[in-house]
Amino acid sequence: MEKQITELAKIQTLLKLTFGLVPVVAGADKFTNLLTDWSQYLNPSLASILPFSPHVFMMIVGVIEICAGIIVLVKTNIGAYIVSAWLFLIALSLLASGKFLDVAVRDLVMAIGAYSLAKITQITSAKA
């Protein structure tokens, strides 16, 4: 049983770093667009009602993602649920736009991973 708890803690740490650091990097990239032009993923219906440019919207999204990643690193039991919900909402937006369906599926899978981190954190917190 002790070995299983140790292995679970290793998995939790790996997921915590993944779902903590990746949103921080992706959020920071919303300001530089080095990885991609993030505004291309914005649902055109949403873009048309924004009072500012898609790039400004993506910078706001970037700040939210950075904060969510930091919360995962500091308060995993809450942050993992936030990141899971955030990824699920992004996937829904992409599905509604009918574009980037591959990214939508990837985000749904990542949302499940973040949710799994939340549940693992719940288990390991109860064992402590």
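Residue positions are given per chain, counting from 1 as you read along its sequence in written order. pLDDT decides what is reported in this predicted model: residues at 70 or higher carry local features, side-chain atom pairs at 80 or more are listed and counted, and totals for whole chains, interfaces and linings draw on all residues regardless. Side-chain measures here rest on the full set of heavy atoms in the structure, leaving out hydrogens and waters.

**So, the overall build of the protein chain**
As a reminder of what qualifies: A run of H or I in DSSP becomes a helix once it reaches four residues, and a run of E becomes a strand once it reaches two; helices and strands are each numbered from the N terminus. Exposed residues in this analysis have more than 50% of their type's maximum accessible area, buried residues have under 20%, and partly exposed residues fall in between, with area computed by a 1.4 Å probe over protein chains only. Note on definitions: a residue-residue contact is assigned when non-hydrogen atoms from the two residues lie within 4.5 Å. Surface accessibility in these figures is a Shrake-Rupley result with a 1.4 Å probe; residues are shielded only by whichever protein chains are displayed. The charge count treats Lys and Arg as positive and Asp and Glu as negative. His and the chain ends do not count. Think of each charge as sitting on NZ of Lys, CZ of Arg, CG of Asp or CD of Glu.
Along the protein chain, the regular secondary structure elements total five helices and zero strands. Traced from its N-terminal end to its C-terminal end, the protein chain shows the element sequence α-α-α-α-α. Projected onto its principal axes, the C-alpha coordinates of the protein chain cover approximately 55 × 25 × 20 Å. Among the 128 residues that make up the protein chain, the fraction classed as buried is 31%. Excluding contacts between residues fewer than 6 apart, the proportion of contacts in the protein chain whose partners are at least 24 apart in sequence is 64%. Split by element, the accessible area of the protein chain, about 7,500 Å² in all, is 72% carbon and sulfur. Positive and negative charge centroids in the protein chain, built from 9 and 7 side chains respectively, lie 10 Å apart.

**Re the pattern of salt bridges**
Note the following rule: The term salt bridge refers to a pairing of a side-chain nitrogen on Lys or Arg with a carboxyl oxygen on Asp or Glu at a separation within 4 Å.
Within the structure shown, the criterion is met by three salt bridges. Of the charged contacts in the structure, one is a salt bridge between Glu7 and Lys10, with a shortest N-O distance of 3.5 Å. A residue pair is termed a helical-turn pair when its members lie 3 or 4 positions apart in one helix, as Glu7 and Lys10 do in helix H1 (residues 2-32) at three residues. For Glu7, a relative accessible area of 36% gives the class partly exposed. Across the pair Arg106 and Asp107 runs a salt bridge whose closest N-O atoms are separated by 2.8 Å.

**Points about unusual backbone geometry**
Even without a glycine there, the phi angle at Asn33 is positive, about 55 degrees. Mapped onto the secondary structure, Asn33 falls in the loop between H1 and helix H2 (44-49). Positive phi outside glycine occurs at Phe100, with the angle close to 55 degrees. Along the chain, Phe100 turns up in the loop between helix H4 (76-97) and helix H5 (101-127). Overall, the relative accessible area of 26% leaves Phe100 in the partly exposed class.

**A short note on the confidence of the model for the protein chain**
Basically, it comes down to this: The predictor attaches a confidence to each residue, and that confidence, scored 0 to 100, is pLDDT.
In the predicted model, the protein chain carries a mean pLDDT of 94, and the fraction of residues at 70 or more is 98%. Averaged pLDDT values over the elements of the protein chain bottom out at 90 in H2 and peak at 97 in helix H3 (residues 54-74).

**So, the nonpolar core**
Stated precisely, the cut-off is as follows: Each nonpolar core is a collection of buried residues, namely Ala, Val, Leu, Ile, Met, Phe, Trp, Tyr and Cys, held together in the definition by side-chain atoms within 4.5 Å.
Of all hydrophobic cores here, the largest spans 10 residues; its members are Phe19, Ala68, Val72, Ala80, Val83, Leu87, Ala111, Ala114, Leu117 and Ala118. Elements supplying a minimum of two residues to this core: H3, H4 and H5. Among the elements that take part in this core, H5 stands out by supplying four residues, more than any other. Core analysis: the next-biggest nonpolar cluster, separate from the first, contains seven residues, Ala26, Trp38, Leu50 and Val61 among them.

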